[in-house]
Amino acid sequence: MNAFVKERSLILELGVMNCLLISIAAAALVLYVRWRNSRKHLYELGAKVPIPDCAKSLPILGHSLYFIGDTERILNNVKYISTNCESPGTIWLAHRLFFLLTTPADLEIALNSPKSLEKDDLYRFSRSLAGKGLFSLEVDAWKVHRKLITPTFHPRILDSFVNVFVEQSNVLVEILQGKVHEMFNIGEHLTAATLEMVTQTAMGVKLNKQLGNCKLGEQLNRGLEIMFMRMFNVPLHFDFIFELSGLAKEERGIIDSFLNFIKKVINDKKVEKKLKMLETEAEIDDIKKRKVFLDHLLELSEQNLLTEEEIIDEVRTFMIGGSDTSATVISFVLVCLGMFPEYQQKVYEEVIDVIGYDRDIECEDIPKFKYLEMCIKETMRLFPIGPNIVRKVTEDLQIGDHMLPEGSGLVLCIYTVHRNDKYFPDHMRFDPERFSPEECAKRHPYAYLPFAGGPRNCIGMKFGYNMMKIVLATLVRKFFIETSFQKIEDIRVKQSLIIKSILGYPVKLTPRNSDLI
Ligand code: HEM
């Protein structure tokens, strides 16, 4: 009797279990069908754009496997696929649809259309480190912030920063004199120098970071690397996998240090402001007199145009956007000049011609460093800071013969265009003459996009050029530069949000004047 009851209750339990499972499966199916239907438009339009033959797409995963692994592999895979497909070329990252854009004409449309001004959802992963500033803000808030912040980059204001760039370049020279005649990685010194320059000019606070060790710079590099890994590694999009990977904990540590650092800078600024009220004009030193980025933001907050949180986020964005980018470009320029002494000699002659052997650089000198600018541009062609920029299509967008659907993403393959023989013949050859006014005039303006383009281009372009030119002119005047790299192909790169050299930036400096030894 007991056995009979047990058997009946087991059958009942199994029945209930089966019903439950069937209901769950049915509910999941209904949800899936509804989800698919809500994306019908995306699939229909997406299917009309060819999928590249060169890349295998798997069921469900799509092309995700090409975007898993180290950041060198990811960059190379994007380059490979985008080089071998028509523009726009379709790729699927699991359920996400992206189009690779690889012609200047397509890039021009994408960068200027109000339908693709929004940064892709992938950029939300940048917010943990860089905050919700201009770089990743949703388009409505971005329009307001960009308008408020643009006057901060007025050329007159930028000119007032030149002294800081000069002073810190001289500090850098002093530090580097301790490293002469040996091969070393100059990248970390430049990270410290540019971080100091950005902190002083954006926040009006001296850190003397160059003279101490710059752990923060290294942490930010690692933070950017984690951010990029998460962006392009679909499994890491899920919080629990990100937590399990151990990367979340590491990222939290970096963010804590970064936020503590910024809050300290802002506090210092507030204390300075109070002190300023107590000091006479004569006692206020140069750095306190200069109106900096943070002063403007604090004024905007006094007028209730920005909240305290928004200020912190914009400051974070500037710290990330301003320092590591410029340090990286300067590092690449130095190894390129080290590889090509003939171009370095021309830069040296130009620098001596403009400022002589002893005088410090002044505002009026900067536009005269024309050949140096050509070398910087050629370096940014081969190593564009943002090799692949990702935007979101917020309304169906016509590009060429194709209508790209709302909800898809656009990958602007700048690295691929910069390394295409069609726009830059013999593209792996380093040749500053490509940026002579005559050569530039022959090219499509959107074939070269180191600062992106259109209304959402880099707001710090002139700031960056000023800083880079001053640091480079100062270094080239003082040192002859060599590197262990033999050719451009030796410089293996990865995309850790911004482009980086995997083997660092090895240089050997030899003082040009005997009095510097
Ligand atoms: C060599 C130096 C620099 C390079 C090559 C560079 C490059 C770029 C690029 C390619 C973008 C577009 C990114 C995207 O859409 O995904 C960008 C945006 C941005 N950059 Fe720069 N940048 C440099 C220096 C600076 C500096 C010095 C600052 C600030 C002081 C800065 C602040 C920003 C900001 C705030 C954005 C977002 C702009 C917006 O969405 O409105 N950058 N930069």
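Please refer to the structure higher up on the page.
Our subject in this report is the structure included herewith. No experiment lies behind these values; they were computed from the predicted model shown.

### Some remarks on the pairing of strand β7 (residues 409-413)
And step 1. Counted residue by residue, β7 has 5 buried out of 5 residues, so it is predominantly covered.
And step 2. As judged from the 4 bridges shared by strand β2 (residues 96-101) and β7, these two strands associate in the parallel manner. The residue of β7 that forms the bridge with Leu100 is Val411.
And step 3. Of the strand pairs in this sheet, strand β4 (residues 388-392) and β7 are connected by 5 bridges, and their pairing is antiparallel. Opposite Ile389, over in β7, you have Leu412 as the bridge partner.

### Regarding the coordination of the iron atom of the ligand
And step 1. Within the protein, a single donor atom binds the iron atom of the ligand, namely Cys458 (SG) at 2.3 Å.
And step 2. Checked against the element boundaries, Cys458 lands in the loop between α19 (437-442) and α20 (461-478).

### Focus on the layout of surface pockets
If a probe as big as a water molecule is rolled over the atoms, it shows which places are left empty.
And step 1. Taken as a whole, the second largest pocket holds about 240 Å³ of empty space.
And step 2. As for the second largest pocket, its lining consists of 14 residues, of which Arg36, Tyr43, Ile60, Ala94 and His95 are closest to the centre.
And step 3. Looking at which element gives the most residues to the lining of the second largest pocket, the answer is helix α1 (residues 2-38), with 3 residues.
And step 4. Taken together, the residues of the lining of the second largest pocket sort by class into 10 nonpolar, 3 polar and 1 charged.

### Points about the site of the ligand
And step 1. Around the ligand lies a shell of 26 residues, among which Tyr123, Trp142, Arg146, Arg456 and Cys458 are the nearest.
And step 2. Tyr123 is positioned with one of its side-chain polar atoms (N or O) 2.7 Å from an oxygen atom of the ligand.
And step 3. Between an oxygen atom of the ligand and a main-chain N or O atom of Leu134, the distance comes to 3.3 Å.
And step 4. Here the ligand occupies the largest cavity.

### Quick notes on the sheet that holds strand β11 (residues 506-511)
And step 1. Reading across from one edge, β3-β11-β8 is the order of the 3 strands in this open sheet, with antiparallel pairing throughout. Two strands lie at the open edges of the sheet, namely β3 (183-185) and β8 (479-483), each paired on one side alone. Taken over all neighbouring pairs, the strand axes of this sheet differ in orientation by 40° on average, direction set aside.
And step 2. Across 5 bridges, the pairing between β8 and β11 is antiparallel. Bridge pairing in β11 places Glu482 opposite Lys508.
And step 3. Along the sheet face, α20 touches β8 and β11 and points at about 95° away from the line of β8.

### Overview of the pattern of salt bridges
And step 1. One pass over the structure, following the stated rule, counts 23 salt bridges.
And step 2. Notably, a salt bridge pairs Asp239 with Arg230, separated by 2.7 Å at the nearest N-O pair.
And step 3. For Asp239, a relative accessible area of 54% puts it in the exposed group.
And step 4. The closest approach of N and O atoms between Arg381 and Glu378, which form a salt bridge, is 2.8 Å. With Arg381 and Glu378 both in helix α17 (residues 370-382) and 3 residues apart, the pair spans about one turn of that helix.
And step 5. Note on Glu378: relative accessible area 0%, which makes it buried.
And step 6. When salt bridges with common partners are traced through the structure, they connect Arg222, Glu225, Glu250 and Lys494 into a single cluster.

What counts, and where the lines are drawn
Residues numbered from 1 in each chain as written. Predicted model: local features only at pLDDT ≥ 70, side-chain atom pairs only at ≥ 80, totals over all residues. Heavy atoms only, no water. Buried < 20%, exposed > 50% of the residue type's maximum accessible area, 1.4 Å probe, protein only. Helix = DSSP H or I, 4+ residues; strand = E, 2+ residues; numbered from the N terminus. Pairing = 2+ DSSP bridges. Donors = N, O, S within 2.8 Å, 3.2 Å for Na, K, Ca; no water. 1 Å grid on protein atoms, 1.4 Å probe; cavity = no way out; pocket = protein on both sides within 12 Å on 5 of 7 lines; lining within 4 Å. Points joined across faces, edges and corners; volume = space filled by probe spheres on them. Nonpolar A, V, L, I, M, F, W, Y, C, P; charged D, E, K, R; others polar. Near = heavy atom within 4 Å. Polar contact = N/O pair within 3.5 Å; in protein donor to acceptor, adjacent residues only side chain to side chain. Sits in = over half its atoms within 2 Å of the grid points. Axes fitted to C-alpha atoms, helices over the stretch in contact; angles between N-to-C directions. Contact = heavy atoms within 4.5 Å. Salt bridge = Lys/Arg side-chain N within 4 Å of Asp/Glu carboxyl O.

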